[in-house]
Amino acid sequence: AMAAERSLVMATCTAPVNIAVIKYWGKRDTDLILPINSSLSVTLHQDQLKTTTTAAASRDFTEDRLWLNGKEADVGHPRVQACLREVRRLARKRRGGGEDTAALSLSYKIHIASENNFPTAAGLASSAAGYACLVSALARLYGLEEELSEVARRGSGSACRSMFGGFVQWQRGERPDGTDSLALQVAPETHWPELRILVLVVSGEKKPVGSTAGMQTSVETSPLLKHRAEAVVPERLAQMMRHIRDRDFEGFGQLAMRDSNQFHATCLDTFPPIFYLTDLSRHIIALAHRYNGHHGHTKVAYTFDAGPNAVIFALADTVAEFVEVLRRSFPPAANGDQFVRGLPVSPAVLPQELVAAVVAEPVPGAVQYILHTKPGPGPQLVDDPSQHLLGPDGLP
């Protein structure tokens, strides 16, 4: 009830990136962001990849404002507005429409500042982390604690999966109003402690066709996508949940690769076709298969989203050797020390027969850097006031 007296109320949260292993591609309702199929993802640790967002409300603010990575951005963006509207609606509903003193802040304008510790729009799922973080910070500001993945979904479909840590399913849902299209945690991040993720950043460039436009063209033109959503994904989802439950890397890895390949096949089946995989992506795919072939089982598994960066899953005991394989295959241009970032990676000596069987013609400088990370938790509240992205005046 003190909120009304203080001139400025502020909340800061962080939120994670997630990587789908059963892909979401295609909406059945573009306004509510309802998918044509369920999907399943792994939430990545925020020590390596996160968005931080501060939301502030004050009676002194004259308009809503938004800053992204230090630059003012359009707060009128329909998806930002949808999240704002939904959070305010839930806050109003929760307060039963009564004139509680704290409820005054619902009419206050808000300032939002958001920052990523990784390049935006480079195919690193920045919109998922961004909207999950926005919704978490707004919810905190307005004192909401309920199911918020449905609100995050209105910002970016995959954002609903970033509302939880570990392994997360976004249920397609059946209702036209979308109230049953939400995210559920399949297993927490502690469930599979040996699992590691390597993000191969090949370029910090914006992708050729944005996901939003691309997936709707696919829905309209690809019969393969329709078959995938109806006949393939439901079975795969159940299998993937089993593999995760059993910590079965062989099953998990094979299915992740198959599903990534099928998603990119639907992009190729779209008319006109969409190409997210590049020559380099195909090089990495072939390398993974040669490496697994050499070892006689699945030790690494790739997945690619709507962009050229590769994500590789492996168990901790494989990381050092495979990173050395990557270093030999894509010798770093200059930043030898900065080539591997994130969790530490031990040096490895490769047996000569592995090099001969697996490492093809090296492509120097093709991979900018490798980010080594692991599954992590969902959005976190930042208690330390020095971490706020907005100052006492409500400005960055």
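Quick caveat: nothing in here was measured; it's all calculated off a predicted structure.

Engineer: When you look at unusual backbone geometry in this model, what are you seeing that I'm missing?
Structural biologist: Among all residues except glycine, the phi angle is most often negative; among peptide bonds, the trans geometry is most common. Here the residue pair Phe271 and Pro272 is connected by a cis peptide bond, since its omega of -5° sits within 30 degrees of zero. Secondary-structure assignment places Pro272 in the loop between α6 (249–269) and α7 (279–295). Of note, Asn69 is a non-glycine position whose phi angle comes to about 50°, a positive value.

Engineer: Could you clarify how one ought to interpret the nonpolar core in this entry?
Structural biologist: Grouped burial of nonpolar side chains is what soluble globular proteins tend to show. Counting 64 residues, the largest nonpolar core has Phe252 and Phe313 as its most contacted members. Those residues in contact with Phe252, other than ones at most four positions away along the chain, are Val21, Val42, Trp192, Leu195, Met240, His243, Ile244 and Phe313. Among the nonpolar cores identified, the runner-up in size contains 34 residues, and Val87, Leu90, Leu106 and Val135 belong to it.

Engineer: How should the confidence of the model for the protein be read in this particular structure?
Structural biologist: The predicted model of the protein has a mean per-residue pLDDT of 93, with 93% of residues at 70 or higher. Scored below 50 in pLDDT, residues 1–5 shows seven contacts in the model against residues more than four places distant or in partner chains.

Engineer: Help me out: how do you make sense of the domain arrangement of the protein in this one?
Structural biologist: When the parts of a complex come together, some accessible area is lost, and that lost area is often taken as the interface size. When the domains of the protein are assigned, the result is domain 1 (8–191 + 380–387) and domain 2 (195–373). For domain 1 and domain 2, the distance between their C-alpha centres works out to 27 Å. Each partner contributes to the interface: domain 1 provides 31 residues, whereas domain 2 provides 49 residues. Taking both sides of the interface into account, the surface hidden between domain 1 and domain 2 amounts to around 3200 Å²; carbon and sulfur atoms contribute 71%. Note that Lys23 and Asp305 form a salt bridge whose closest N and O atoms lie 2.5 Å from each other. Applying the counting rule to domain 1 against domain 2 returns ten residue pairs in polar contact (both at pLDDT 80 or more). Per element, the largest residue contribution to the side of domain 1 that touches domain 2 is four residues, and it comes from strand β2 (residues 18–22). Looking at the side of domain 1 that touches domain 2, its residues break down into 18 nonpolar, ten polar and three charged.

Engineer: Would you explain the sheet that holds strand β16 (residues 369–373) in this entry?
Structural biologist: Strand pairs in the sheet, formed through backbone hydrogen bonds, run parallel or antiparallel to each other. Taken in spatial order, the five strands of this open sheet run β13-β14-β12-β16-β15, and their pairing is mixed. What marks the edges here is a single partner per strand, and that holds for β13 (300–304) and β15 (340–342). The mean angle between the axes of side-by-side strands here comes to 25°, regardless of whether they run parallel or antiparallel. The pairing of β15 with β16 spans three bridges and is classified as parallel. Across the sheet, the residue bridging to Gly342 is His372, located in β16. Set on the sheet, α6 makes contact with β12 (195–201), β13 and β14 (310–315); between it and β13 the angle comes to about 25°.

Engineer: What is the right way to look at the pattern of salt bridges in this model?
Structural biologist: On inspection of all chains with the given rule, the structure shows 14 salt bridges. The partner of Arg172 in a salt bridge is Glu174, with the nearest N and O atoms 3.4 Å apart. A residue is classified by how much of its surface remains accessible, and Glu174, at 64% relative accessible area, is exposed. For Asp279, the salt bridge goes to Arg282, with nearest N and O atoms at 3.1 Å. With Asp279 and Arg282 both in helix α7 and three residues apart, this pair spans about one turn of that helix. Assessed through its relative accessible area of 63%, Asp279 is described here as exposed. A single network of salt bridges, built from pairs that share partners, joins Glu86, Arg89 and Arg154.

Engineer: Any chance you could explain the packing of aromatic side chains here in plain terms?
Structural biologist: How two aromatic rings sit relative to each other is set out by the distance from centre to centre and by the angle between their planes. Evaluation of the coordinates by the stated rule reveals ten aromatic pairs. For the ring pair Trp192 and Phe249, a centre distance of 6.4 Å and an interplane angle of 75° mean the geometry is edge-to-face. With Trp192 in the loop between β11 (183–187) and β12 and Phe249 in helix α6, this residue pair connects regions lying 57 residues apart in the sequence. Like Trp192, the residue Phe249 is buried in the burial classification. Their ring planes at 70° and their centres at 5.3 Å tell us that Trp192 and Phe252 sit as a pair that is edge-to-face. Taken together, the residues span a long stretch of sequence, with Trp192 in the loop between β11 and β12 and Phe252 in helix α6 at a distance of 60 residues. Each member of the pair, Trp192 as well as Phe252, is classed as buried. A cation over a ring is seen here: Arg341 above Tyr369, with NZ or CZ 3.7 Å from the ring centre.

Engineer: It is not clear to me how the sheet that holds strand β5 (residues 39–43) should be interpreted in this structure. Could you clarify?
Structural biologist: With respect to topology, four strands assemble into an open sheet ordered β2-β5-β10-β11, the strand pairing being antiparallel. At either end of the open sheet lies a strand with only one pairing partner, and these are β2 and β11. Each neighbouring strand pair of the sheet contributes to a mean axis angle of 35°, computed without reference to strand direction. Summarising the sheet, β2 and β5 pair through four bridges and their orientation is antiparallel.

Engineer: Which parts of the structure should I look at to understand the packing of helix α1 (residues 78–94) against helix α2 (residues 126–141)?
Structural biologist: Each pair of packed helices can be described by the angle between their axes along with the distance between the axes. Packing of α1 against α2 leaves a shortest axis separation of 10 Å and a crossing angle of 30°. The pairing of α1 with α2 is recorded here as roughly parallel in orientation. The crossing of α1 and α2 is right-handed. Residues Arg79, Val80, Cys83, Leu84 and Val87 of α1 touch α2, and the partners they reach there are Tyr131, Leu134, Val135, Leu138 and Ala139. Of the residues in the contact of α1 with α2, the class split is nine nonpolar, no polar and one charged.

Calculation criteria
Residues numbered from 1 in each chain as written. Predicted model: local features only at pLDDT ≥ 70, side-chain atom pairs only at ≥ 80, totals over all residues. Heavy atoms only, no water. Helix = DSSP H or I, 4+ residues; strand = E, 2+ residues; numbered from the N terminus. Core = buried A, V, L, I, M, F, W, Y, C linked by side-chain atoms within 4.5 Å. Buried < 20%, exposed > 50% of the residue type's maximum accessible area, 1.4 Å probe, protein only. Contact = heavy atoms within 4.5 Å. pLDDT = per-residue confidence, 0-100. Domains from an automatic or database assignment. Buried area = accessible area lost by both parts, 1.4 Å probe. Salt bridge = Lys/Arg side-chain N within 4 Å of Asp/Glu carboxyl O. Polar contact = N/O pair within 3.5 Å; in protein donor to acceptor, adjacent residues only side chain to side chain. Nonpolar A, V, L, I, M, F, W, Y, C, P; charged D, E, K, R; others polar. Pairing = 2+ DSSP bridges. Axes fitted to C-alpha atoms, helices over the stretch in contact; angles between N-to-C directions. Phe/Tyr/Trp six-rings, centres within 6.5 Å; stacked < 30°, edge-to-face > 60°. Lys NZ or Arg CZ within 6 Å of the ring centre and 35° of its normal. Parallel < 35°, antiparallel > 145°, perpendicular 65-115°, else oblique. Left-handed = near helix turned anticlockwise from the far one by under 90°.

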